[in-house]
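Residues per chain are reported as follows:
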Amino acid sequence: MARIPYALVDAFTPSPGAGNRVALVLDARGLDAEALRALAQRTGTPETAFVLGREGVVYGIRFFTPEGEVEFSGHAAIALGLTLVRLGLAPEGATRLYLETPGETLPVEIAYEEGMPKKAWVRGPRPRFRDLPPYQALKEVLEALGTDERYLHRGLPYGIAYTGIWSLFVPLVAPGVVDALEPEMVALRTASQKLSVGTVHAYAPMGPRSFYARSFAPLLGILEDPVTGSANAALGALLARAGVVPRREGEVRLTFYQGHRLGNPGVVEVRVSYSPSGEPYGVEIGGEAATVEVGEL
């Protein structure tokens, strides 16, 4: 049987052992969806990115969790962009790559420091928003998270937004309250099904442009995602749309801290661009990544 090259990479951190680990299958040519899902279950990571082919600096990509395919994975895209350059699978010195997913083609910008690829920025899917869920539904989610409405932050938006995965965002008053959450996963799964969201993302302010978050995705087979690119991108768009973060010259930059409760701290940078009408229309996710292992399956 042919051996399949892969890499394990920790995204949103410069150091192995922190951030969010992802498996990158670097040559998945000829594999169908069933085989990709089986490999995603085999890698033992919450998400796996598969490279299906390459033409120049355009790479065919699919993203899978153990439960099945997802449209976008921010941490996987960050890790993949940097890994392709570091392993010589992209032109030397390349500053822009393109990830061609089944839905759209996403540009990845590679930033260098002293000649070495240091950070990647990826443009996620265009942000979308749903109507606010009923307040009773939010109370049920709070109860499933192990808290109640007394700890809800009234000055920050709750709601449902999308940049690859539909997520419910729950604002809480302080990072300590977020860390104290002990979700009841059966109830949270039921609430997620009712609202048709893949993740429930609890967050709290740390400063005017910085926030602390935890993300729970029982419907995707992920009890808690250490550091989440797509959900933080959607949160950035939600905050920008609500007008609660300052913006200048048509763009706002935000920083999200996540993973500390699990012992996997990571940092996600988000850039939100505005249309002339003031609506957020583009979101980019930025971060570092550390290679943990390279081998063959």
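Calculation criteria
- Position numbers for residues start from 1 in each chain and track the written sequence from start to end.
- Two thresholds apply to this predicted model, a pLDDT of at least 70 for residue-level local features and 80 or more for giving and counting side-chain atom pairs, whereas whole-chain, interface and lining totals are computed over all residues.
- Values shown for side chains rest on all heavy atoms present in the structure; no hydrogens or waters enter the calculation.
- The helix count covers DSSP runs of H or I at least four residues long, the strand count covers runs of E at least two residues long, and both are numbered beginning at the N terminus.
- Burial classification: accessible surface area is computed with a 1.4 Å probe over protein chains only, and a residue below 20% of its type maximum counts as buried, one above 50% as exposed, and the rest as partly exposed.
- The contact definition used throughout considers only heavy atoms, calling two residues in contact when any of these lie within 4.5 Å.
- Areas reported as accessible are Shrake-Rupley estimates using a 1.4 Å probe. Residue values count occlusion only from the protein chains shown.
- Just so you know, the count uses Lys and Arg for positive and Asp and Glu for negative, and it drops His and the chain ends.
- Taken as the charge centre is NZ of Lys, CZ of Arg, CG of Asp or CD of Glu, depending on the residue.
- A pairing counts as a salt bridge when a side-chain nitrogen of Lys or Arg comes within 4 Å of a carboxyl oxygen of Asp or Glu.
- N or O atoms closer than or at 3.5 Å make up a polar contact, with two conditions inside protein: a donor-capable atom paired with an acceptor-capable one, and, for residues adjacent in sequence, both atoms drawn from side chains.
- This arc is taken over the directions from the axis of the helix to the C-beta atoms.
- Only strands joined by at least two bridges in the DSSP assignment are considered to pair.

Q: Kindly report on the overall build of the protein, identifying the contributing residues and their values.
A: A tally of helices and strands in the protein yields six helices and 18 strands. Dimensions along the principal axes, computed over C-alpha positions, put the protein at roughly 55 × 45 × 30 Å. Expressed as a percentage of the 297 residues in the protein, the buried residues total 54%. Put simply, 63% of the contacts in the protein that link residues at least 6 apart link residues at least 24 apart. For the protein, the accessible area works out to roughly 12500 Å², and carbon and sulfur atoms hold 49% of it. Where the 28 positive side-chain charges of the protein centre and where its 33 negative ones centre are 3 Å apart.

Q: Describe the side chain of Glu47, with residues and values.
A: Checked against the element boundaries, Glu47 lands in the loop between helix H1 (33–43) and strand S3 (48–55). Here Glu47 sits buried without a salt bridge, and the closest side chain of opposite charge, Arg62, lies 13 Å off (N-O distance). Separated by 2.8 Å, the side chains of Glu47 and Ser73 make a polar contact. Contact partners of Glu47, with chain neighbours within four places excluded, come to Val22, Ala23, Phe64, Thr65, Val70, Ser73, His75, Ile222 and Asp225.

Q: Which residues make up the environment of Ile4, and what values go with them?
A: Residue placement: Ile4 occurs in the segment before strand S1 (5–11). Ile4 gets classed as buried once you look at its relative accessible area, which sits at 17%. Considering only alpha carbons, one finds Ile4 and Arg29, 25 residues apart in sequence, at a separation of 9.7 Å. If we skip the residues at most four places from it in the chain, Ile4 touches Val25, Asp27, Leu31, Leu39, Gly295, Glu296 and Leu297.

Q: For helix H3 (residues 135–145), give the residues involved together with the corresponding values.
A: Looking at H3, one finds that the buried residues are Ala137, Leu138, Val141, Leu142, Ala144 and Leu145. In an axial view of H3, the angular spread of the buried residues amounts to 160°, which keeps them on one side of the axis. Packing partners of the buried residues in H3 comprise strand S11 (166–171), helix H5 (185–195), strand S12 (199–207) and strand S13 (210–217). Downstream of H3 by one or two residues, Gly146 has phi in the positive range, about 95°.

Q: Hey, could you go over the pairing of S11 for me, with residue numbers and the actual values?
A: Burial analysis of S11 places six of its six residues in the buried class, the great majority of the element. Burial along S11 is two-sided: Trp166, Leu168 and Val170 facing one way and Ser167, Phe169 and Pro171 facing the other are all buried. Note that strand S10 (residues 159–162) and S11 share four bridges and pair antiparallel. In the sheet register, Tyr162 faces S11, and the bridge partner there is Trp166.

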